[in-house]
Amino acid sequence: MNIRDRSAIHQTAEHSLANAKGDPKKILLIYLAIITGLSLAVAGVSILLSNRIADTGGLGNMGLRSVLSTAKSVLPLVQSVILLGLEMGYCTMALNITRGEPISNDTLFGGFRRFFPLLRAQILLSFLYFGLGLLAVYPGAYIFLMLPISEGFYEVFTPIMESASQLTGTLTIDEASMIAVSEAMEPALWIMGTLFLLLFIPTHYRYRMVTYRLIDQSRPGALRAMRESRALMHRNRFALFRLDLSLWWFYALQGLTVVLCYGDMLLPMLGITLPWSDTVNYFILLCLSLLLQFVVYYLFMNRVTVIYATAYGALLPKEQPKKPEPVNPWQNPY
């Protein structure tokens, strides 16, 4: 199978899912129940901690306030750690389905056995993407300053520079000046963001198969998985991009869940005010987002994940049959 044959990949994935040796729907329900319940629990505890922090004013409660703030910061990290292990197990399930191997609930939780190599790989990729961001900042700022759209920035920033203290050389910027500088810098942010995407997208596709390589390695290693993913994706990145485009409807539904989740911040921008408190608005929109996510994932996620596992299988090098050794006519066959 060739990754460029998207129709064959879709058909093969559907056939593999229909003949799965186990109950992928049940495993998916367990996965969705955990991630949905975890999201609600983290959101609820975060709000409780925020309210408690607001009530701990004064110097006497400084220690308690610090503890509560730390706990609030740690909660999303704990959630991310759990989700990372579950995603590894879920990808393992999809890969087993494509290979006709049995699946069970243990397959889902088995991803935690390879959690630390996956965590190291994610940390390395985060540093890599952060470096790409830094690479985009300096050229983006230079391009912005060279374009005519930077005239507004010069008009705002030049008087500020001229008003710097001659003795200390320090700048004193009031709030109004800061707002004006920020507005004048908006085109620079768009330029930097565009440059970052031009660097990020090809790099991201180069490492799309890291998780699958960690699953397939007998002794998983983060750096080795990244190298092997680069090798598999060599000259195949655009083919995978076109496979992503064939699943545009799934990503559009995911985007809708994100819009619902952040609706409490987006609605005021549109001039829409709901007749409840900010906390109630947040919880209502969060629950709607999680409900939509649950429905979308339950209906389509097994299919989509098995499609990507099938694409990964298409990228693997095929084993070449061994050539028969030439017969020596002078060798005694007895």
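This structure is a prediction, so every number in the text was calculated from the model and none was measured. (Residues numbered from 1 in each chain as written. Predicted model: local features only at pLDDT ≥ 70, side-chain atom pairs only at ≥ 80, totals over all residues. Heavy atoms only, no water.)

(A) Here's a closer look at the overall build of the protein chain. Counting secondary structure elements, the protein chain contains 14 helices and zero strands. Scanning the protein chain from its N terminus toward the C terminus, one meets helices and strands in the order α-α-α-α-α-α-α-α-α-α-α-α-α-α. Counting across all 334 residues of the protein chain, residues that qualify as buried make up 33%. Counted over contacts in the protein chain with a minimum sequence separation of 6, partners at least 24 positions apart contribute 77%. For the protein chain, the exposed surface amounts to about 20,800 Å²; the carbon and sulfur share of it is 66%. (Helix = DSSP H or I, 4+ residues; strand = E, 2+ residues; numbered from the N terminus. Buried < 20%, exposed > 50% of the residue type's maximum accessible area, 1.4 Å probe, protein only. Contact = heavy atoms within 4.5 Å. Areas by Shrake-Rupley, 256 points an atom, 1.4 Å probe, with all protein chains shown as cover.)

(B) Quick look at the pattern of salt bridges. Scanning the model with the defined rule gives five salt bridges in all. Arg213 is the salt-bridge partner of Glu228, the closest N and O atoms lying 2.8 Å from each other. Taken together, the residues Glu228 in helix H10 (residues 222-233) and Arg213 in helix H9 (residues 210-216) connect sequence positions 15 residues apart. The salt bridge involving Glu228 is made with Arg224; its shortest N-O contact spans 3.6 Å. You can see Glu228 and its partner Arg224 sitting in helix H10, four residues apart, about one turn around the helix. Its relative accessible area of 22% is what places Glu228 among the partly exposed residues. (Salt bridge = Lys/Arg side-chain N within 4 Å of Asp/Glu carboxyl O.)

(C) Layout of helix H5 (residues 115-146). With 32 residues, H5 ought to run about 46 Å at 1.5 Å a step, and its terminal C-alpha atoms sit 47 Å apart, in line with that. Among all positions of H5, only Phe115, Pro117, Leu118, Ala121, Leu125, Tyr129, Leu132, Ala136, Gly140 and Phe144 are buried. (Expected span 1.5 Å × (residues − 1).)

(D) Fine view of the environment of Tyr251. With respect to the helices and strands, the residue Tyr251 is situated in helix H12 (residues 248-261). When near neighbours in sequence (up to four residues on either side) are disregarded, Tyr251 contacts Asp244 and Tyr308. Within the local environment of Tyr251, its side chain forms a polar contact with the side chain of Tyr308, the two groups lying 2.5 Å apart. (Polar contact = N/O pair within 3.5 Å; in protein donor to acceptor, adjacent residues only side chain to side chain.)

(E) Spotlight on the packing of aromatic side chains. Following the criterion strictly, the structure yields twelve aromatic pairs and no others. Seen in terms of ring centroids, Tyr205 and Phe241 are 6.1 Å apart; in terms of plane orientation they differ by 75°. Their pairing is edge-to-face. Here Tyr205, found in helix H8 (residues 186-206), pairs with Phe241, found in helix H11 (residues 237-246); they are 36 residues apart in sequence, far enough to count as distant. Seen from their ring centres, Phe250 and Tyr297 are 6.1 Å apart, and the 25° between their planes marks the pair as stacked. Placement of the pair is Phe250 in helix H12 and Tyr297 in helix H14 (residues 278-315), with a sequence separation of 47 residues. As far as the burial class goes, Phe250 and Tyr297 line up, both buried. (Phe/Tyr/Trp six-rings, centres within 6.5 Å; stacked < 30°, edge-to-face > 60°.)

(F) Summary view of the nonpolar core. Counting 55 residues, the largest nonpolar core has Tyr31, Met209 and Tyr212 as its most contacted members. If you list the elements that add at least two residues to this core, you get helix H1 (6-18), helix H2 (24-55), helix H3 (62-98), H5, H9, H10, H11 and H14. The leading source of residues in this core is H14, at twelve residues. Once residues lying within four places of it in the same chain are set aside, the contact partners of Tyr212 are Cys91, Leu95, Thr305, Tyr308, Ala309 and Tyr312. (Core = buried A, V, L, I, M, F, W, Y, C linked by side-chain atoms within 4.5 Å.)

(G) Region of interest: the side chain of Asn281. Of note, Asn281 is situated in helix H14. You can call Asn281 buried: its relative accessible area is 10%. When near neighbours in sequence (up to four residues on either side) are disregarded, Asn281 contacts Leu274 and Trp276.

(H) Fine view of the packing of H11 against H14. Interaxial distance between H11 and H14 falls to 12 Å at its minimum, and their mutual angle equals 160°. By the criterion of interaxial angle, the relationship of H11 to H14 is roughly antiparallel. Where H11 crosses over H14, the two elements pack in a sense that is right-handed. Within the contact between the two elements, H11 uses Leu240, Leu243 and Asp244 and H14 uses Ile307, Tyr308 and Ala311. (Axes fitted to C-alpha atoms, helices over the stretch in contact; angles between N-to-C directions. Parallel < 35°, antiparallel > 145°, perpendicular 65-115°, else oblique. Left-handed = near helix turned anticlockwise from the far one by under 90°.)

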